[in-house]
Protein chains: 2
Amino acid sequence: MQTTMMKQRAPAVAGKQANVLPRIAPKVARSRCAIVAQAAPAAAKVAAPAISRDLVDKCINAIRFLAVDAINKSKSGHPGMPMGCAPMGYVLWNEVMKYNPKNPSWFNRDRFVLSAGHGSMFQYSMLHLTGYEDVSLDQVKSFRQWGSKTPGHPENFLTSGVEVTTGPLGQGICNAVGLAVAEAHMAARFNKPDCKPIVDHNTYCILGDGCMMEGISNEACSLAGHWGLGKLIALYDDNKISIDGHTDISFTEDVAKRYEALGWHVIHVINGNTDVDGLRAAIAQAKAVKDKPTLIKVSTLIGFGSPNKADTHDVHGAPLGAEETAATRKNLGWDHPEFEVPQDVYDVFRSAIQRGAAEEAEWKAACAEYAAKYPKEWAEFQALTSGELPANWESALPVFKPEDKQLATRQHSQTMLNALAPVLPGLVGGSADLAPSNLTLMKISGDFQKGSYAERNIRFGVREHAMGAICNGIALHKSGLIPYCATFFIFTDYMRNAMRMSALSEAGVVYVMTHDSIGLGEDGPTHQPIEQLASFRAMPNMLMMRPAGGNETAGAYKVAVANRKRPTTIALSRQNMPNLPNTSIEGVAKGAYTIKEVEGTPDVILMGTGSELQFAWDAAAALEKEGKKVRVVSFPCWELFEEQSAEYKESVLPAAVTARVSVEAATSFGWARYLGLKGKHVGIDDFGASAPAPVLYEKFGITTAHVIEAAKQVMAA
Amino acid sequence: MQTTMMKQRAPAVAGKQANVLPRIAPKVARSRCAIVAQAAPAAAKVAAPAISRDLVDKCINAIRFLAVDAINKSKSGHPGMPMGCAPMGYVLWNEVMKYNPKNPSWFNRDRFVLSAGHGSMFQYSMLHLTGYEDVSLDQVKSFRQWGSKTPGHPENFLTSGVEVTTGPLGQGICNAVGLAVAEAHMAARFNKPDCKPIVDHNTYCILGDGCMMEGISNEACSLAGHWGLGKLIALYDDNKISIDGHTDISFTEDVAKRYEALGWHVIHVINGNTDVDGLRAAIAQAKAVKDKPTLIKVSTLIGFGSPNKADTHDVHGAPLGAEETAATRKNLGWDHPEFEVPQDVYDVFRSAIQRGAAEEAEWKAACAEYAAKYPKEWAEFQALTSGELPANWESALPVFKPEDKQLATRQHSQTMLNALAPVLPGLVGGSADLAPSNLTLMKISGDFQKGSYAERNIRFGVREHAMGAICNGIALHKSGLIPYCATFFIFTDYMRNAMRMSALSEAGVVYVMTHDSIGLGEDGPTHQPIEQLASFRAMPNMLMMRPAGGNETAGAYKVAVANRKRPTTIALSRQNMPNLPNTSIEGVAKGAYTIKEVEGTPDVILMGTGSELQFAWDAAAALEKEGKKVRVVSFPCWELFEEQSAEYKESVLPAAVTARVSVEAATSFGWARYLGLKGKHVGIDDFGASAPAPVLYEKFGITTAHVIEAAKQVMAA
C-alpha cells in the first residue's frame, strides 16, 4: 500500500485560520479515506518559502476573494471550489509550477488542467495574479459576460494560459493524461542522455468529486497507471459536497484505494484548507515518484471561510451574496474592498514573470546546446513543434484506378495511415482494442508503453470515451502531434462528448471509425450505425467524412490531416466496394462533386456516399439505357460542401432539378436539405438486424434496384 | 481486505481435463490478482451434485460444442467466451439459478445478464439445453441469420429468456445493477416479515475484460457498492485476452482491489476451466453475503479446449474452423457429431423444467398466502406488476391557461412528476447529481438507499451513462416500474448509448433533460445543447419532446408514461416562458399542431418548439398587423407527427404553402424536412457562448424580430 497521509502541521503554522474558524476546522477530520502511513520524509527538496506565513495566507485569501467578488458581480458562478482550493493554487503557481506568464505558449511549461471546470474563477484568479495579459482585472470583472476572456468554464480557444476546455466533468483529467502522454512521447523521442532535457515538464490537474464519479476518469486513469506516467500529478479536491448535497448520498467508495488499484501513487493531505506545508510536501513527494502518476487527495471544505455556507452545497454553484461575503471577509480577516489585490500579494505572485523568463531562458540555453550536439534531431524537433506540416506530405497518398482491386475503405484507411506514418512524424494513435478490425496499426512503429514512450501506436483498451479525451490532450499539447483514434463507428456513442470537445476546443483529432453501417452484418443492431452520420453532421465544427473507395479515403485523410484546428470523423466500411470512375482526392475537398455528368439538364440527380455510391452509379447506367439523363453526385462531406460558393453548389445541385434521390445505408434524417420536399432517400430509418450484410441490404431495400425505383418515382412526381 | 481465493481442488476432482490438457492448464496460475486468503468455508450449504463428475464434464462440453458448431456454421461469432465460461454456465443453470424454462417471464425468476454479449452462443446454449422454446436446435443452427431468434448479440425483444440487450460492452453489468435495484425496491415495498417473500431473487451477470475497462461499469458498480445490493452476483470472466491480444498491453490494474474499493465483496476462483467445486463454493459464499454485491473473479482460458487457439485472441471473434474444431473435439474427448446433444446431457439440463415448475408453484403458494393475509398489498402488487397503468392516471395532469404564471418547463416538469407520483406507484427515478436544477425530486418519497430501498427517489451521483443503463435494467425488470432519469440535456452526450439501448430494447425510460438550449446562459458552450435535439430526432424509436409551456409539458409526460415500450426524452428549459393560447395536451399527442389559425391559405407558416415558440407567436401577431395571413404551428415531437395520417400532416403543413420558417434555439439540421428548399430556420448552427441568456438570444439572432425578418424573406422568395 502506498497511500501516504500528509499530517497536519503544528498549530503554530496553520494556527491563525484554525483559530479564526473554530466552527469549521474540526470537520476536516471527518475523512473516511484510508490513512495508511504517516508522512514520509519528502523525497525531493522543497524550496523554503521566502515569505511569511501571514503573507502566504494573504495571497491565498486574494485568490478566494477575486473569485468571490467576480462571482457576486456576475450573479452567477461557483465560489465554493476556488475558496477551498486556494491553498493548492498558491503552492502550485508560486512554488511549484514552471511557466512564463509573458509567453503562455512556452513549449516546456508545466501544464495545468482544471478538470473541475466550474471552478473557473480559481484559474482566472491564478492567471490574473501571476500576470497573464489575457486576464486583466477588467476581464475578471467581466466574468461570464459576452465577449470576455473569462467565460463560465475555461475555454482554451479564448484565454491564453488555459490549456484545454473543461466544462463537462471528467474530460479534464483525461486531457491531462493526454498532455502527459504527449510529454512522455516527445521526451523519449528527443531528449539525449548527454544533454539537458529539452522536453521535461509536469502535468498538474485539479479534479473534484464529480470528475471522480464519471466513468471516463476511471478509464483514463487506468491507462495512466498502466503507462506509469510519473510526471502526471492530480490533486483531488475531496470536499465531499456535490450539487445534491453531501457525497455520502451517492459516493461512498474508497477513492484512494481505487487509485492504488489503478496503479497510482496516492497521498492524502488531510487539511487542504490551511496546511500549506502538507501540500508542499505532498507535491514534492509526488514529483519524486517517477514511475507512477500520483493522486494527492486533498481534503478541503468547499467555500472555506464562509461562516454560514462553507461545507454546504449552497456555496457550490451560487454567488455568496453581499451579506455572506461581508461575513466571510470578516471571518478571514480580509479588509480589502471588492476586486482589490494588495500590492504585496501582486509582488509575490508576479515574481512568476521573472522566474518564468529565467526558466525559459535556461531552456533555450539547453536547446542551443542540444542543437549544437544534435543538429539533425533539433531540426526534427523544430519542424515538428512548429505545427507546420512537412512539405509535400500529401504526395504520399496513393491514387486508385477503377480497375484496382475492390477493397473495404477500412483497408484503404490502413493504406493511408501507413503511407502517411513515414512522412508525418507527428502521427500517433491507435484503437480502443479493435486494432485488427479498425486496421489502425502503423507498421513502422512499435507500441507506446511504459519503457517505450517513443513509439507511436497507442493501445487504448476498451475505453472509447477516455481515448477521445486523451487524444484531445495530445493535440492540445501543441507539439505537432497529430492524434488519431479508432473504434467501430457505433461506439462514437460512447465518446461523443470527447468528440464534441475536439470540435469546440479546436483539437484536430482524426477519428477513424470503421464498420460504418448495416454492412457490418451479423453483429446486429447494437453494432450497426443508423443515426450516427446525421448526429455528427449536426455537430458544429466537426468534419464528417464518408468516403467511397480508395481515392476518397485518400481525400478524407488529406482533409483530416490538413485541418489541425478541426476534428474529422472518417466513417469506413467493413465490406469491399469498387473504385468508381472520377472519384478523386480533389472532389472530396469540395464535399460533394459530380462523378457522372450528362449533356444538358439532368432528369434526375442521384447522390450517394461510401459503400452505397456504387448503387447510384449502377442505377444511373440502367436509367441511361432507358433514355434518362442522370447525374451522379458523390457526397463525402456535407460540411465542406456547405462551405463552397453558391455558384459551385448550384453547379452540383441546380435548383431547377428537383428530382433527386440520395442513397446511404443510414437514416434519411438530414437529407431533406439536399432532397427538398420532393426527393427520396434510399436508406434505413429503423434499427438494423443480425444477418450477413448482403441479406441485410436486400431486406432493408438498399440496392441499385431500389435507387432506380426511387428515381422513377421522383421523376414522375 | 475481503478478497477470498477459491483454491483449485485436488487433482482427483479437476483431474480428467487437467490430464487431457497439460499444455494449457498450467497457464491458469498466471493471475496477477491479489490472493489474500484461502477459501473460507462456504457460508451457505451447497447442494451436493447428484450426477457424476464425468457427466458434469459432458454437460460442460455440450455447452462448448453447441457454441463451436453454431459459430462454425454461421461462419461468424465468438467461440472463445462460451468455451471458457461453460463451467459457470453449468453451475448457474443446473445448480444455482431459479427459473422456469416454460414460463420465461415468471416474475420471481433469477435474472441473468450476459454483459459480454458477443458470447451470445453461451446464452443460447444454456437456453436451448434447459428447454426454452424460443431456442430450438434449429434456432441454434440459424445463429446470426436473418429472422432467427439467435442474433449475433442477445436481444431481449427477440428471444424469451434474454432479459436485456447487451451488444455494447459495459451496458449489461449496469442493466444488472438496475435489475437488482428493481428487485430490492419491490422486495422492500411488498415483502412482509410474517409471509414468505413474494419478491426474492438474485441477479447474476457474466462480464469480461472489455466490460471491466469501460467507464460505465465503474460508475454502476460504484453505485451498487454504495447501495449494498447483496443479491447482485457478478462473475468476471478473467481470461486476459481482448481483441488486440493479451490484456497486459492496456489493462494491468488490480480489478479485485478496485471492486473492494467500490464496496464489493470479492472472491477469486483461480481455475474457472475445471474447478466446478470452486465455482459452487464461490457462488454459495456470494449468496451468503447479504449486504454487499459480490464480484467473483473467475480466471479462465479463452477458448478452453482448443489445442492451438486457446488463450489467444484468434479464438475471441472468429470461428474455430473445421480443423481446429476436430482437434478440440479430440482434446476434450467429445465424440459427438455437429449439433448433437447426448440424451444424458439433455436429461441433466432439462431437469430445470420440472424444478422451475416446482419453484414457480411454491412461489404461487406463497403469493396465495400473502394475498390472504394482505389483500390490499397483494392487489397493489398485482396492479403494479401487471404493467397496466392505473385507470385515469392522466387526469392528474394539470391544465394551464395563458394567464397562468410564466414558468420554466423544468418547473412544469417538477409539477408533473409530483402530480403523477401519487397516482403512478411505479414511478421511480432521479438525477445525476442535479436534482436541485433538474427539479426531479418526488416530494412524497424519500431516497432509495441502503436501508430504505422502498423509497422512490434515486440519487445517481455524477454518473450519466450508468444512470441510463440502470434505468434500462429497472424498466426491463418488468415489475411495472416507470423509471425516469435526469441531467442537463447536453450530458445526454455522456449517456447516448444507454439511451439508444432504451430505444432498441423497448425500455420505456423517461429522460428528463433540463437546460435545453443556450437559454441556460452563463455556463457557456460546453453546457449549451446545439445539435442534441437533431441527434435524438435521428435516433430510431426515441420520442424526442420539446414542450412549450405547462400544457405541452403535461402532454409530454402523458406520452412518455403511456409509451411503456418506447423511451421519451423531454427537453426542458431553464428559463421562463408563457403558456401560449391553444397549446394543449392533445396537440402534443399529434406531434405538431396549429395553435394560431387564419382564414384561407396562409401566406406563411411559422413553426417553433419550446422556449422559442413564443417568438413565432409574437411574430405572427406583428405580421398580421401588416396584413399577412400567418399560421403558427407548435412542433413538440417530430416522431409523433410523422406517425399521423397524410391528411392530418397536409392539414398542418399544406404542400402548397412553401413559405415556412422554423424557430428553435438549436441547429437547423433536420428542419429542411419541414422547411423544404425554400424555408428558413431561425436558430444556431455554431457553438454557444458564456453570457446571460437574453444577451445570447440577441447576439445569436434568435428573437421575434429575426422570425419576422425570415418570414418576410421566405414570402418574398
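Quick caveat, the model's predicted, so the values are computed rather than measured. (Residues numbered from 1 in each chain as written. Chains lettered and ligands numbered in written order. Predicted model: local features only at pLDDT ≥ 70, side-chain atom pairs only at ≥ 80, totals over all residues. Heavy atoms only, no water.)

**Observations concerning the overall build of chain A**
What counts here: A run of H or I in DSSP counts as a helix once it spans at least four residues, and a run of E counts as a strand once it spans at least two, with each numbered from the N terminus. Atoms counted for the radius of gyration: C-alpha only. Globule rule: 2.2 Å times residue count to the power 0.38. Think of it in three bands: residues with accessible area under 20% of the maximum for their type are buried, residues over 50% are exposed, and the middle band is partly exposed, with areas taken using a 1.4 Å probe on protein chains only. The protein chains shown are the only cover counted for residues, whose accessible areas, like all others here, come from Shrake-Rupley with a 1.4 Å probe. Under the counting rule used here, the positive set is Lys and Arg, the negative set is Asp and Glu, and His together with the chain ends is not counted. Note on charges: their place is set at NZ of Lys, CZ of Arg, CG of Asp or CD of Glu.
In terms of regular secondary structure, chain A is built from 26 helices and 21 strands. A compact globule built from 717 residues would reach a C-alpha radius of gyration of about 27 Å, and chain A, at 28 Å, matches this within 12%. Once the C-alpha set of chain A is aligned to its principal axes, its extents read approximately 95 × 60 × 45 Å. Classification of the 717 residues of chain A by burial places 68% in the buried group. When the accessible area of chain A is evaluated, it comes to approximately 21500 Å², of which 53% is carbon and sulfur surface. In chain A, 71 positive and 74 negative side-chain charges are present, and the distance between their average locations comes to 2 Å.

**With respect to the domain arrangement of chain A**
Residue and element names in this part refer to chain A. Condition: Residue ranges labeled as domains rest on an automatic or database domain assignment. Contacts are assigned to residue pairs with any non-hydrogen atoms lying within 4.5 Å of each other.
Once the domains are mapped, chain A shows domain 1 (16-356), domain 2 (393-577) and domain 3 (590-716). Placing the centre of domain 1 and that of domain 2 at their C-alpha centroids yields a distance of 34 Å. The interface of domain 1 with domain 2 comprises 34 residues on the first partner and 32 residues on the second. Taken together, the elements giving at least two residues each to the side of domain 1 that touches domain 2 come down to α6 (171-190) and α8 (215-227). In terms of residue count, the dominant contributor to the side of domain 1 that touches domain 2 is α6 (14 residues).

**Considerations on the packing of helix α14 (residues 409-423) of chain A against helix α19 (residues 549-562) of chain A**
Residue and element names in this part refer to chain A. Test applied: Throughout, an axis means a line fitted to C-alpha atoms (over the contacting stretch in the case of helices), and angles, computed between N-to-C directions, take values from 0 to 180 degrees. With respect to orientation, any angle under 35 degrees is reported as roughly parallel, any angle over 145 as roughly antiparallel, any angle of 65 to 115 as roughly perpendicular, and every other angle as oblique. What makes a crossing left-handed is the near helix being turned counterclockwise from the far one by less than a right angle; a clockwise turn instead makes it right-handed. Note on residue classes: Ala, Val, Leu, Ile, Met, Phe, Trp, Tyr, Cys and Pro are nonpolar, Asp, Glu, Lys and Arg are charged, and everything else, Gly too, is polar.
One way to put it is that α14 packs onto α19 with a least axis distance of 9 Å and a crossing angle of 50°. Of the possible angle classes, the one that applies to α14 and α19 is oblique. Our pair here, α14 against α19, has a crossing hand that is right-handed. Residue-level inspection shows T409, H412, S413, M416, L417 and L420 of α14 in contact with α19, the latter providing G549, G550, T553, A554, Y557 and V561. Its residues assigned to classes, the contact of α14 with α19 comprises 6 nonpolar, 6 polar and no charged.

**Re the packing of α6 of chain A against helix α13 (residues 375-385) of chain A**
All names here are of chain A. Closest axis-to-axis distance for the α6/α13 pair is 11 Å, and the angle between their directions is 155°. For the element pair α6 / α13, the angle class is roughly antiparallel. Along the contact surface, α6 presents M186, R189 and F190, while α13 presents E377, E380, F381, L384 and T385. Across the contact of α6 with α13, the residue classes tally to 4 nonpolar, 1 polar and 3 charged.

**With respect to the relation of the copies chain A and chain B**
The operation relating the two chain copies consists of a rotation about an axis and a shift along that axis. The following threshold applies: Residues below a pLDDT of 70 in either copy are left out; the C-alpha atoms of the rest, at least 70 in both, set the least-squares superposition of the copies.
Between chain A and chain B, the superposition needs a rotation of 180° and an axial shift of 0.0 Å, giving an RMSD of 0.0 Å. This pairing of chains is accounted for by a two-fold axis. Of every C-alpha in chain A, the one belonging to G215 of chain A sits nearest the axis of rotation, 1.9 Å from it. Interface overlap between copies: 98% of the residues of chain A at the interface are likewise at the interface in chain B, consistent with a symmetric, same-surface contact.

**Observations concerning the sheet that holds strand β20 (residues 660-663) of chain B**
All names here are of chain B. Defined as follows: Paired strands, as defined in this entry, are two strands with at least two bridges between them according to DSSP.
Strand order in the open sheet formed by 5 strands is β17-β19-β18-β20-β21, with mixed pairing between adjacent strands. Lying at the two open borders of the sheet, with one neighbouring strand each, are β17 (593-596) and β21 (680-682). Pairwise comparison of adjacent strand axes, ignoring direction, gives a mean angle of 30° for this sheet. Bridging between strand β18 (residues 604-608) and β20 involves 4 bridges; their strand directions are parallel.

**Focus: the interface of chain A and chain B**
You'll often see interface size given as the accessible area lost when the parts meet. As a reminder of what qualifies: Here the quantity called buried area is the accessible surface, traced with a 1.4 Å probe, that two parts lose on coming together, added over both. We define a salt bridge as a side-chain nitrogen of Lys or Arg found within 4 Å of a carboxyl oxygen belonging to Asp or Glu. Throughout this description, a polar contact denotes any pair of N or O atoms lying within 3.5 Å of each other; where both atoms belong to protein, one of them has to be capable of donating a hydrogen while the other can accept it, and for residues adjacent in sequence the pair is counted only when both atoms sit in side chains.
Taken together, the contact between chain A and chain B spans 102 residues of the former and 100 residues of the latter. Taken together, the two surfaces of chain A and chain B that pack against each other cover about 8400 Å², and 59% of this comes from carbon and sulfur. Together, W146, Y494 and F669 of chain A form the three largest contributors to the area buried by chain A at its contact with chain B, with a combined 10%. The interface formed by chain A and chain B holds 10 salt bridges in total. Counting across the chain A and chain B interface gives 48 residue pairs in polar contact (both at pLDDT 80 or more). Examining the composition of the side of chain A that touches chain B, we find that 7 residues originate from one element, α8 of chain A, more than from any other. Counted by class, the side of chain A that touches chain B contains 42 nonpolar, 33 polar and 27 charged residues.

**Description of the pattern of salt bridges**
Here the structure, examined in full by the defined rule, presents 66 salt bridges over all chains. With its nearest N and O atoms 3.2 Å apart, the salt bridge here joins R496 of chain B to D493 of chain A. On the criterion of chain membership, the pair formed by R496 of chain B in helix α18 (residues 496-504) and D493 of chain A in the loop between β12 (482-488) and α17 (496-504) is interchain, its members lying in two chains. You'll find R496 of chain B and D493 of chain A in the same group, each marked buried. Through salt bridges that share partners, E95, D277 and R280 of chain A make up one connected network.

**What to know about the nonpolar core**
Rule in force here: Among buried residues, the Ala, Val, Leu, Ile, Met, Phe, Trp, Tyr and Cys ones that are joined through side-chain atoms within 4.5 Å form a nonpolar core.
Judged by nonpolar contacts, the single largest core of 102 residues is most densely connected at L606 and F635 of chain A together with L606 and F635 of chain B. With near-sequence residues (within four places) excluded, L606 of chain B lies in contact with A616, A619, A620, L623, V630, R631, V632, V633, V661, V707 and A711 of chain B. Residues F107, V164, W264 and M542 of chain A belong to the second largest nonpolar core, which totals 88 residues.

**Some remarks on the UniProt feature "binding site: substrate" (unreviewed entry) in chain A**
Residues and elements named next belong to chain A. Applied cut-off: UniProt positions are given in the numbering used here, feature names are shortened, and annotations may be inferred rather than shown by experiment.
Taking the UniProt record as the reference, the feature "binding site: substrate" (unreviewed entry) is found at H78, H316, R410, S437, H515, D523, H527 and R574. Separation in sequence by 497 residues is matched in space for these annotated residues, since their most distant C-alpha atoms are 48.0 Å apart. Positionally, H515 belongs in the loop between β13 (510-514) and α18 (532-537). Accessibility expressed as a relative area gives 5% for H515, which makes it buried.

**Examining the UniProt feature "binding site: Mg(2+)" (unreviewed entry) in chain A**
All names here are of chain A. When the UniProt feature table is mapped onto this chain numbering, "binding site: Mg(2+)" (unreviewed entry) sits at D209, N239 and I241. Taken along the chain, the residues just named run across 33 residues; in space they keep tight, none of their C-alpha pairs more than 7.6 Å apart. Here N239 shows up in the loop between β4 (232-238) and β5 (241-242). Note that I241 resides in strand β5. Those residues within four positions of I241 in sequence are excluded, and the remaining contacts are D209, H246, T247, I302, D311, T312 and H313.

**Observations concerning the packing of aromatic side chains**
Counted only if it meets this: When the centres of two rings from Phe, Tyr and Trp lie within 6.5 Å, Trp using its six-membered ring, the rings pair. Their planes under 30 degrees apart give stacked, over 60 give edge-to-face, and anything left gives tilted. A ring has a charge above it when a Lys NZ or an Arg CZ is no more than 6 Å from the ring centre and no more than 35 degrees off the ring normal.
Under the defined criterion, the tally for this structure stands at 67 aromatic pairs over all chains. With 6.4 Å between their ring centres and 75° between their planes, W227 of chain A and F460 of chain A make a pair best called edge-to-face. You can see W227 of chain A sitting in helix α8 and its partner F460 of chain A sitting in the loop between β11 (457-459) and α16 (464-476), a full 233 residues away along the chain. We classify F460 of chain A as buried; its relative accessible area is 0%. Aromatic pair W638 of chain B and W671 of chain B: ring centres 4.7 Å apart, planes at 70°, arrangement edge-to-face. Of this pair, W638 of chain B sits in helix α23 (residues 638-642) while W671 of chain B sits in the loop between β20 and α25 (672-675), and the two are 33 residues apart along the sequence. Across the pair, W671 of chain B and W638 of chain B agree in class, each one buried. Here the guanidinium or amino end of R111 of chain B rests over the ring plane of F107 of chain B, the centre of that ring lying 5.8 Å away. Above the plane of the ring of Y648 of chain B lies K590 of chain B, whose end atom (NZ or CZ) is 4.8 Å from the centre.

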